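Structural overview
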Amino acid sequence: MVRKLSRSTTLLLLLLLLFLSGCPKDAYRASVQGSADVSQAVSSAIKITTAYYANGTINDGAKATVAKYLTIVTDCNMTFRKAVVDTHNAGQTGAGAFLPIANSFVTCAQGSAPVVGNVAVQNYLKAVETAINGIALAVQSAKGA
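Residues numbered from 1 in each chain as written. Predicted model: local features only at pLDDT ≥ 70, side-chain atom pairs only at ≥ 80, totals over all residues. Heavy atoms only, no water.

Close approach of charged atoms lets side chains of opposite charge pair. The tally for this structure, following the rule as stated, stands at 3 salt bridges. Asp 26 serves as the salt-bridge partner of Arg 29, at 2.4 Å between the closest nitrogen and oxygen. Overall, the relative accessible area of 47% leaves Arg 29 in the partly exposed class. Look at Asp 26 and you get partly exposed, because its relative accessible area is 23%. Note that Asp 86 and Lys 82 form a salt bridge whose closest N and O atoms lie 2.7 Å from each other. (Salt bridge = Lys/Arg side-chain N within 4 Å of Asp/Glu carboxyl O. Buried < 20%, exposed > 50% of the residue type's maximum accessible area, 1.4 Å probe, protein only.)

A general feature of soluble globular proteins is that nonpolar side chains tend to end up buried together. Ranked by size, the top nonpolar core spans 37 residues in total, and within it Val 38, Leu 70, Val 73, Tyr 124, Val 128, Ile 132 and Val 139 carry the most contacts. Among the secondary structure elements, those contributing two or more residues to this core are helix 2 (27-54), helix 3 (60-89), helix 4 (95-110) and helix 5 (119-141). The dominant element in this core, judged by the number of residues it contributes, is helix 5, at 10 residues. Among all residues touching Tyr 124, those that are not within four sequence positions of it are Ala 45, Ile 48, Thr 49, Tyr 52, Ile 58 and Val 66. (Core = buried A, V, L, I, M, F, W, Y, C linked by side-chain atoms within 4.5 Å. Helix = DSSP H or I, 4+ residues; strand = E, 2+ residues; numbered from the N terminus. Contact = heavy atoms within 4.5 Å.)

With respect to the helices and strands, Ala 95 occurs in helix 4. When its relative accessible area of 13% is taken as the criterion, Ala 95 is described as buried. Expressed as a C-alpha distance, the spacing of Ala 95 and Asp 26, which sit 69 residues apart in the sequence, is 7.9 Å.

The periodicity of an α-helix, 3.6 residues per turn, causes residues three or four places apart in sequence to face the same way. Its 30 residues give helix 3 an end-to-end C-alpha distance of 43 Å, which sits within 8% of 44 Å, the value for a rise of 1.5 Å per residue. Buried within helix 3 are the following residues: Ala 62, Val 66, Tyr 69, Leu 70, Val 73, Cys 76, Asn 77, Phe 80, Val 84 and Thr 87. Tucked inside the fold, the buried residues of helix 3 contact helix 2, helix 4 and helix 5. Measuring from the side-chain oxygen of the N-cap residue of helix 3 to the backbone nitrogen of Gly 61 gives 3.1 Å; that N-cap residue is Asn 59. Of the residues flanking the end of helix 3, it is Gly 91, one or two places downstream, whose phi is positive at about 90°. (Expected span 1.5 Å × (residues − 1). Polar contact = N/O pair within 3.5 Å; in protein donor to acceptor, adjacent residues only side chain to side chain.)

To continue, consider the side chain of Ser 35. Its location among the elements puts Ser 35 in helix 2. Take Ser 35: its relative accessible area is 1%, and that puts it in the buried class. Not counting residues within four places of it along the chain, the set of residues in contact with Ser 35 comprises Asn 77, Phe 80, Arg 81 and Ile 135.

Take the packing of helix 3 against helix 5 next. Helix 5 packs onto helix 3 with a crossing angle of 10° between their chain directions and a minimal axis gap of 12 Å. Considering their axes alone, helix 3 and helix 5 lie roughly parallel with respect to each other. Here helix 3 contributes Val 66, Tyr 69, Leu 70, Val 73 and Phe 80 to the contact with helix 5, which in turn contributes Val 121, Tyr 124, Leu 125, Val 128, Ile 132 and Ile 135. In terms of residue class, the contact of helix 3 with helix 5 is built from 11 nonpolar, no polar and no charged. (Axes fitted to C-alpha atoms, helices over the stretch in contact; angles between N-to-C directions. Parallel < 35°, antiparallel > 145°, perpendicular 65-115°, else oblique. Nonpolar A, V, L, I, M, F, W, Y, C, P; charged D, E, K, R; others polar.)

Packed helix pairs are characterised by how far apart their axes lie and by the angle those axes make with each other. At their nearest, the axes of helix 2 and helix 4 sit 9 Å apart, and the two run at 20° to each other. The pairing of helix 2 with helix 4 is recorded here as roughly parallel in orientation. For the element pair helix 2 and helix 4, the recorded crossing hand is right-handed. Contact residues: helix 2 offers Ala 27, Tyr 28, Ser 31 and Val 38, while helix 4 offers Ala 95, Phe 98 and Phe 105. Class assignment of the residues belonging to the contact of helix 2 with helix 4 gives a composition of 6 nonpolar, 1 polar and no charged. (Left-handed = near helix turned anticlockwise from the far one by under 90°.)

Laid out in structure tokens, this is it:
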């Protein structure tokens, strides 16, 4: 049986995860960690979607909508991570080098957020969105930025 988490509980758990990772030493590491956090949020969303579909909480349409969104988020994240690594390899440092990349990722992913009527789906997609938004915050907050 899958236990449904409230929106506030889901967001609290995600924020706790972000804070437990600590303040990165630099903007590059903050970017890489943010990308990893988004990957983990997508992975969790896939598991939740699978469980919700199996127990009838969501239908085929909602499952397809979520899958499309998570694919877009993953594609945006891969583009983001490549740009971060390329920037790092070019010798650029500091938040000024990585913040525009982070903002592009946030814009890419947010522009594709689906509108779903199912409250359970809305709640866990908000957790993915929180991880995405956390990237820019992590880069801005990086030590030595």
